Amino acid sequence: MQSKIKSLKKDVLSALASAKTEEEVRDLEIKYLGRKGPFSEIMRGLKDLSDDEKRTVGKLANMTKIELETAVHAKFAELEGAMMDQIADTEWMDITVPGKKPRVGHRHLISKFIDDLEIIFGRMGFQVAEGPDLETEHYNFNQLNIPADHPARDMQDTFWLKNLKDSVLRTQTSPVQIRYMEANEPPIRIVSMGKTFRKDSDATHSPMFHQCEGLMVGENISIANLKAVMTQALQQIFEDASIKTRFRTSYFPFVEPGLEIDCTCPICGGVGKLPDKTPCRLCKQCGWLEISGAGMVHPQVLENVGYDSKKLTGFAFGMGLDRMVMIKYRVNHLRLLFENDLRFIAQF
Ligand code: DAH
């Protein structure tokens, strides 16, 4: 029995010595030291031995088992250490190497301009309202006093949606006025900036363009308020306190009277000539630029949204943003605004 234990010990130690993986060691552990292994068998067999043998064999078996368990644990530790060394050799990195900055995009000039407008009008108490790009005929036209047979519909070359009855890509931001008034009580002071769509496409027109709509409704709102707001806004937009505005009469079905707002040319300062006496090409030497449609909200439009047109008045304006962006940032081709070439966009 004692020699059997000694040869078992030799077997286990040599198998351990040649084991290469933790799995092999675990298998050895189960095979020799587990509940069904030879040592358990020897212990179970002790009862059949004489008292003397019981003592010596039992002691030897116990000591050997403990010795082998220690050897198994040492082998586990050795293999783990080797694995850590290998990880340290193959998976290291140099944390002193400078990082690579991921290339992110750049905010578009028009988006920035829109943010600026929100701040400028926000300082005058205007909140930002929003409306959908895909509008209904009802909001884009009817509620704004432009019924189906109205000649003013021809003023705006509309994209109709073939498979979606009564739907249009909004031709103007003015429907946001209606949506906002329907959902809110006066007094109202809002601006709404966004995309608008018309079938124009040439060097100075893009089928998708941007407008800023403004609306102020309350008691005793007058053209004087419109003049103050627009003059203030344009001075801040062009960062030029000398800018002046003038109003000319015009026609839009949803305002009465309808107006066209001009401001003094920010390039030549309203003089028509540049400091070196060359003619100003932007304003074609007249000193004024057409900037915005506007007017006093038509009583019918107020009634359309359930407002009392006897008590309330208001002004509205709608201006194209793309040309203003071009003027402010001296961009000479409209297409540069819409090509999304990062080399251009990243300059602003
Ligand atoms: N929606 C008009 C257009 O796109 C612009 C406009 C004119 C808006 C007068 C207004 C306004 O709010 O009062 O041509």
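Within any chain, residue numbers begin from 1 and follow the written order of that chain's sequence. pLDDT decides what is reported in this predicted model: residues at 70 or higher carry local features, side-chain atom pairs at 80 or more are listed and counted, and totals for whole chains, interfaces and linings draw on all residues regardless. Only hydrogens and water are removed before side-chain values are computed, so all heavy atoms of the structure are retained for them.

Asks: Which parts of the structure should I look at to understand the pairing of strand S8 (residues 288-297)?
Replies: Across a regular strand the side chains alternate sides, sitting on one face of the sheet and then on the other. With a 1.4 Å probe rolled over the protein chains alone, any residue whose accessible area is under 20% of its type maximum counts as buried; one over 50% counts as exposed, and the rest are partly exposed. In DSSP terms, a helix is any run of H or I states spanning at least four residues, a strand is any run of E spanning at least two, and both are numbered starting from the N terminus. Counted residue by residue, S8 has eight buried out of ten residues, so it is predominantly covered. Strands are treated as partners if at least two bridges between them are detected by DSSP. Pairing between strand S7 (residues 255-264) and S8: eight bridges, direction antiparallel. When the bridges of S8 are listed, aspartate 262 appears paired with glutamate 290. Inspection of the sheet shows S8 paired to strand S9 (residues 313-320) by five bridges, in the antiparallel sense. Considered in S9, the bridge of alanine 294 is made with phenylalanine 317.

Asks: Would you mind showing me how to read the site of the ligand here?
Replies: By convention in this text, a residue qualifies as near a molecule or strand provided that one of its non-hydrogen atoms is within 4 Å of it. In the vicinity of the ligand lie 16 residues, with Gln172, Ser174, Arg198, Gln211 and Glu213 positioned nearest. A distance of 3.0 Å separates a nitrogen atom of the ligand from a polar side-chain atom of serine 174. Here a polar contact means two N or O atoms within 3.5 Å. Within protein one must be a hydrogen donor candidate and the other an acceptor candidate, and residues neighboring in sequence count only if both atoms are side-chain atoms. Between phenylalanine 317 and the ligand, the recorded distance is 3.4 Å, taken from a backbone N or O atom to an oxygen atom. Taken together, the elements giving at least two residues each to the shell around the ligand come down to strand S5 (208-218), S8 and S9.

Asks: Is there a simple way to explain the domain arrangement of the chain in this structure?
Replies: A common way to express how large an interface is: the accessible area buried when the components associate. For the domain bounds, the source is a domain assignment made automatically or taken from a database. According to the domain assignment, the chain consists of domain 1 (2-90) and domain 2 (109-345). Here the C-alpha centroids of domain 1 and domain 2 sit 88 Å apart.

Asks: Please clarify how the sheet that holds S9 should be interpreted in this entry.
Replies: Remark on secondary structure: sheet strands pair via backbone hydrogen bonds, oriented parallel or antiparallel. Taken together, the seven strands give an open sheet; going across it, the order is S1-S4-S5-S9-S8-S7-S6, and neighbouring strands pair in mixed fashion. At either end of the open sheet lies a strand with only one pairing partner, and these are strand S1 (127-128) and strand S6 (245-250). Examined bridge by bridge, S6 and S7 share six bridges and lie antiparallel to one another. Along S7, the bridge assignment pairs arginine 246 with aspartate 262. We call two residues in contact when some of their heavy atoms are within 4.5 Å. Here the axes come from fitting lines to C-alpha atoms, over the contacting stretch only for helices, and the angles between their N-to-C directions go from 0 to 180 degrees. Packing against the sheet, helix H5 (residues 109-123) makes contact with S1, strand S4 (188-197), S5 and S9, and its axis sits at approximately 170° to S4.

Asks: Help me understand a nonpolar patch on the surface in this model?
Replies: Residues Met83, Met84 and Ile87 make up a contiguous nonpolar surface patch of roughly 270 Å² in combined accessible area. Topologically, isoleucine 87 is positioned in helix H4 (residues 51-90). Excluding any residue in a salt bridge, patches collect residues exceeding 30% relative accessible area, merging like charges within 9 Å and nonpolar Val, Leu, Ile, Met, Phe, Trp and Tyr side chains within 5 Å. Computed with the Shrake-Rupley method and a 1.4 Å probe, the accessible areas treat only the protein chains shown as cover for residues. For this analysis, a salt bridge means a side-chain nitrogen from Lys or Arg found within 4 Å of a carboxyl oxygen belonging to Asp or Glu.

Asks: I tried to follow the pattern of salt bridges on my own but got confused; where do I start?
Replies: Oppositely charged side chains can form a pair if their charged atoms are brought close together. For the structure shown, the criterion picks out 16 salt bridges. Between lysine 9 and glutamate 67 there is a salt bridge whose closest N-O contact spans 2.7 Å. Placement of the pair is lysine 9 in helix H1 (residues 2-18) and glutamate 67 in helix H4, with a sequence separation of 58 residues. By relative accessible area, which is 39% here, glutamate 67 ends up partly exposed. Across the salt bridge formed by lysine 328 and glutamate 239, the nearest N and O atoms sit 3.0 Å from each other. Here glutamate 239 lies in the loop between helix H8 (223-237) and S6 and lysine 328 lies in helix H10 (residues 322-328), a separation of 89 residues in the sequence. Of the residues examined, lysine 328 reaches a relative accessible area of 18% and is grouped as buried. With relative accessibility at 63%, the residue glutamate 239 sits in the exposed group. Overlapping salt bridges, with partners in common, bring together Arg246, Arg248, Asp262 and Glu290 in one network.

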